[in-house]
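# Structural characterization, general
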Amino acid sequence: MTSSVPSIAVYGASGHTGQFVVQEALRRGLRVVAVGRNAARLAALFPSGVECRVAALDDPAALVQAFAGCGVVIHCAGPFMDTATPVAQAALQAGTHYIDVTAEQPSAQATFADLHAPAVAAGRVVVPAAGFYGGLADLLASALAAPGPIDEVTVAMGLDRWWPTEGTRLTGERNKAPRQVVQGGRLVPLVPAADVPDWTFSAPLATYAMVELPFSETITLAHHLQANTIRSLINRSALADIRDASTPPPTAVDGSGRSAQRFELVVRLVQNGVVRTAGVRGQDIYAVTAPLVLEAAQRLMAPAYQRSGALALGEAVDPVDTLRALNGQALEVFGEVLAR
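Let me sum up the structure you'll find in this document.

Cut-offs applied
- Residues numbered from 1 in each chain as written.
- Predicted model: local features only at pLDDT ≥ 70, side-chain atom pairs only at ≥ 80, totals over all residues.
- Heavy atoms only, no water.
- Helix = DSSP H or I, 4+ residues; strand = E, 2+ residues; numbered from the N terminus.
- Rg over C-alpha atoms; globule rule 2.2 N^0.38 Å.
- Buried < 20%, exposed > 50% of the residue type's maximum accessible area, 1.4 Å probe, protein only.
- Contact = heavy atoms within 4.5 Å.
- Areas by Shrake-Rupley, 256 points an atom, 1.4 Å probe, with all protein chains shown as cover.
- Lys, Arg positive; Asp, Glu negative; His and termini not counted.
- Charge placed at Lys NZ, Arg CZ, Asp CG, Glu CD.
- Phe/Tyr/Trp six-rings, centres within 6.5 Å; stacked < 30°, edge-to-face > 60°.
- Lys NZ or Arg CZ within 6 Å of the ring centre and 35° of its normal.
- Axes fitted to C-alpha atoms, helices over the stretch in contact; angles between N-to-C directions.
- Left-handed = near helix turned anticlockwise from the far one by under 90°.
- Nonpolar A, V, L, I, M, F, W, Y, C, P; charged D, E, K, R; others polar.
- Salt bridge = Lys/Arg side-chain N within 4 Å of Asp/Glu carboxyl O.
- Pairing = 2+ DSSP bridges.
- Core = buried A, V, L, I, M, F, W, Y, C linked by side-chain atoms within 4.5 Å.
- Right-handed = clockwise from strand over helix to strand, strands pointing away.

## A short note on the overall build of the chain
- Within the chain one finds 12 helices and 17 strands.
- Scaling as 2.2 N^0.38, a compact globule of 340 residues should have a C-alpha radius of gyration of about 20 Å, and the chain matches this with 19 Å.
- If you line up the chain on its principal axes, its C-alpha atoms span 50 × 45 × 40 Å.
- Per-residue burial for the chain yields a buried fraction of 55% across its 340 residues.
- Nonlocal contacts in the chain, meaning residues at least 24 apart in sequence, comprise 73% of its contacts between residues at least 6 apart.
- Per element, the accessible surface of the chain, about 13,600 Å² overall, is 52% carbon and sulfur.
- In the chain, the 25 positive side-chain charges and the 29 negative ones have mean positions that sit 2 Å from each other.

Now the structure itself:
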């Protein structure tokens, strides 16, 4: 590692997901700047080799200064409906790429609509929704799709438990916007189907009753894939967990800080009458976001990288190559994508 390699700034570094991102960056030997709103908390969490900078959301100049000299800003502090725009704008002003991990549809939509032109002008890339919700499905669908119209994309998510973080709870309270799906090639308000079939996931998961509940992947997929229908399903038991106020937050069960939660995310894509399926499985949806966004960040910082604008993860980076790199790290990739 040389001093000429730019640092990666992590905004919201002291949060649950932000800590995973900082630690994963250090594991990869990357230079990282931990950015947040509480200097004492940052100093207490991270080793002396991690540079810590303080910047509040309502202080644009401080945000720009905090991101100065960095190659990418990875934004982990929600609710993103409130935080994404100021952080992304400051990242572009500082001359860096921007990645966030929002699961919120309105935030991802606003980023695509409002920040594409500024990102092109800055010669940088803005990538919303690059985490577990949004990013994984976008990579899988992008890897499965051939050029041209797509009949249908179905995203099925199975979680054996969902222990929500404080940030997830706050986002749920803040985000009351109607959820959207794609029908007839257009984003339309969700009208939940009454007859969603069960979905069988691999062990240790099981066959679960499912409910239609789209997250940010609907917005990212619709942004760059010409699909007639996009729908997302999640198991009812996981949804019951997060809706239960007594469900505790995640508890670490290993040295990396991961919880015991197991997940599987499957994408089934129908195109020209051909059905293609691929998926990922692993442990802890919050922890897996870290290698995902850092794999993307390293690609954006490569000297040969030349794209700009507001892009979905599957169009910002090579989806098949990225999935191959992630396979065997914090998750297992299965299905048709690795053979392509």
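Still more to cover.
## Focus: the packing of aromatic side chains
- Using the criterion set out here, one finds 8 aromatic pairs in the structure.
- Between Y11 and F67, the aromatic rings sit 6.2 Å apart at their centres with planes inclined by 90°, giving edge-to-face as the arrangement. Taken as a pair, Y11 in strand β1 (residues 7–11) and F67 in helix α3 (residues 60–67) lie far apart in primary sequence, 56 residues in all. F67 carries the same exposure label as Y11, and that label is buried.
- Every member of this aromatic cluster is reached through a ring pair, and the members are F132, Y133, W162, F215 and F263.
- A cation over an aromatic ring shows up here: R179 above the ring of F215, its NZ or CZ 5.0 Å from the ring centre.
- Taking NZ or CZ as reference, R281 lies 3.9 Å from the ring centre of F334, over its face.

## Examining the packing of helix α6 (residues 132–144) against helix α8 (residues 217–224)
- Viewed as axis vectors pointing N to C, α6 and α8 meet at an angle of 35°, and their least axial separation amounts to 8 Å. Between α6 and α8 the crossing geometry is right-handed. Contacts from Y133, G134, A137, D138, A141 and S142 of α6 reach α8 at E217, T220, L221 and H224.
- For the contact of α6 with α8, the per-class residue count stands at 4 nonpolar, 4 polar and 2 charged.

## Concerning the pattern of salt bridges
- The final tally for this structure, using the stated rule, is 12 salt bridges.
- We note a salt bridge from E212 to R231, for which the minimum N-O separation is 3.5 Å. Of the two residues, E212 is situated in strand β12 (residues 210–212) and R231 in strand β13 (residues 227–235); the sequence distance between them amounts to 19 residues.

## Comments concerning the sheet that holds strand β4 (residues 70–75)
- Strand order in this open sheet of 7 strands is β3-β2-β1-β4-β5-β6-β16, and the pairing throughout is parallel. Across the chains shown, the open sheet's two edge strands, defined by having one partner strand only, are β3 (51–54) and β16 (309–310).

## Quick notes on the nonpolar core
- F67, F132, V153, W162, I234 and L265 are the most contacted members of the largest nonpolar core, which has 101 residues in total.
- With 11 residues, the top contributor of residues to this core is helix α10 (residues 285–300).
- Once residues within four sequence positions are removed from consideration, V153 is found in contact with A141, L221, A227, T229, I230, R231, V267, R268 and L269.
- V196, W199, L205 and F334 belong to the second largest nonpolar core, which has 10 residues in total.

## Quick notes on the pairing of strand β2 (residues 32–36)
- Judged by how many residues are buried, β2 sits mostly within the fold: 5 of 5 residues are covered.
- Covered by surrounding structure in β2 are V32, A34 and G36 together with V33 and V35, the residues of both alternating faces.
- Relative to β2, β1 is paired through 4 bridges, and the arrangement is parallel. Opposite A9, over in β2, you have V33 as the bridge partner.
- Each parallel crossover has a hand, and the one from β1 via helix α1 (residues 16–27) to β2 is right-handed.
- Looking at chain direction, β2 and β3 are connected through 4 bridges and run parallel.

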